[in-house]
Amino acid sequence: MPPQHHPPRRARIAFSDAAAKQLQEITGEAELHALDRALVVISVDPEAGDPLPGTTDGPPLRQYTDTVEQVRILYFVTALRTVVVVAYIEV
């Protein structure tokens, strides 16, 4: 029997306390859709964002900007492939 091909597992998403507070303040459906779209991208490919220069302690901080939805997410990826969202910014 040939080996089965399984797509890569999505990364788990977690939020820092500051990012969780930001999320509590989001009330508009358009904002939630924009955030969801960006989270899907980085959960499928945590390396989709660009490393931020000057982050040498711990896991490097990354940024992902969704140019369609005009949002930016700052995050880092743990050794266990968990994406930790640090901030959500509308651009």
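So, a few notes on the structure that sits alongside this text. Keep in mind that what you see is a predicted model, and the values were worked out from it rather than measured. (Residues numbered from 1 in each chain as written. Predicted model: local features only at pLDDT ≥ 70, side-chain atom pairs only at ≥ 80, totals over all residues. Heavy atoms only, no water.)

**Examining the sheet that holds strand β5 (residues 82–90)**
- Ordered by their spatial adjacency, 5 strands build an open sheet running β1-β5-β4-β3-β2, and the pairing between neighbours is mixed. Two strands lie at the open edges of the sheet, namely β1 (12–15) and β2 (50–51), each paired on one side alone.
- The strands that helix α1 (residues 17–25) touches are β1 and β5; relative to β5, the one it contacts most, it runs at about 50°.
- Across the face of the sheet, helix α2 (residues 29–44) comes into contact with β1, β3 (62–66), β4 (71–77) and β5 while running at roughly 35° to β4. (Pairing = 2+ DSSP bridges. Helix = DSSP H or I, 4+ residues; strand = E, 2+ residues; numbered from the N terminus. Contact = heavy atoms within 4.5 Å. Axes fitted to C-alpha atoms, helices over the stretch in contact; angles between N-to-C directions.)

**A short note on the side chain of S43**
- Within the secondary structure layout, S43 lies in helix α2.
- The exposure class assigned to S43 is buried, which follows from its relative accessible area of 5%.
- Sequence-distant contacts of S43, defined by excluding residues within four places in its chain, comprise R10, A11, I13 and R81. (Buried < 20%, exposed > 50% of the residue type's maximum accessible area, 1.4 Å probe, protein only.)

**Some points on unusual backbone geometry**
- Residues other than glycine seldom take positive phi values, yet Q70 does so here, at roughly 60°.
- The residue Q70 is located in the loop between β3 and β4 in this model.
- Located in the positive-phi region is R81, a residue other than glycine, with phi close to 65°.
- Along the chain, R81 turns up in the loop between β4 and β5.

**Description of the nonpolar core**
- Ranked by internal contacts, the top residues of the largest apolar core, which has 16 residues, are L35, L39, I42, I73, Y75, V83 and Y88.
- Taken together, the elements giving at least two residues each to this core come down to α2, β4 and β5.
- Setting aside chain neighbours within four positions, we find L39 in contact with I13, F15, I73 and V85. (Core = buried A, V, L, I, M, F, W, Y, C linked by side-chain atoms within 4.5 Å.)

**Description of the pairing of β5**
- Where β1 meets β5, 4 bridges bridge the pair, whose relative direction is parallel. Note that in β5 the partner of R12 across the bridge is T82.
- Note: β4 against β5, 7 bridges, orientation antiparallel. Residue pairing across strands places V77 opposite V83, the latter belonging to β5.
- Between β4 and the antiparallel strand that follows it, β5, lie 4 residues; R81 among them carries a positive phi value of about 65°.

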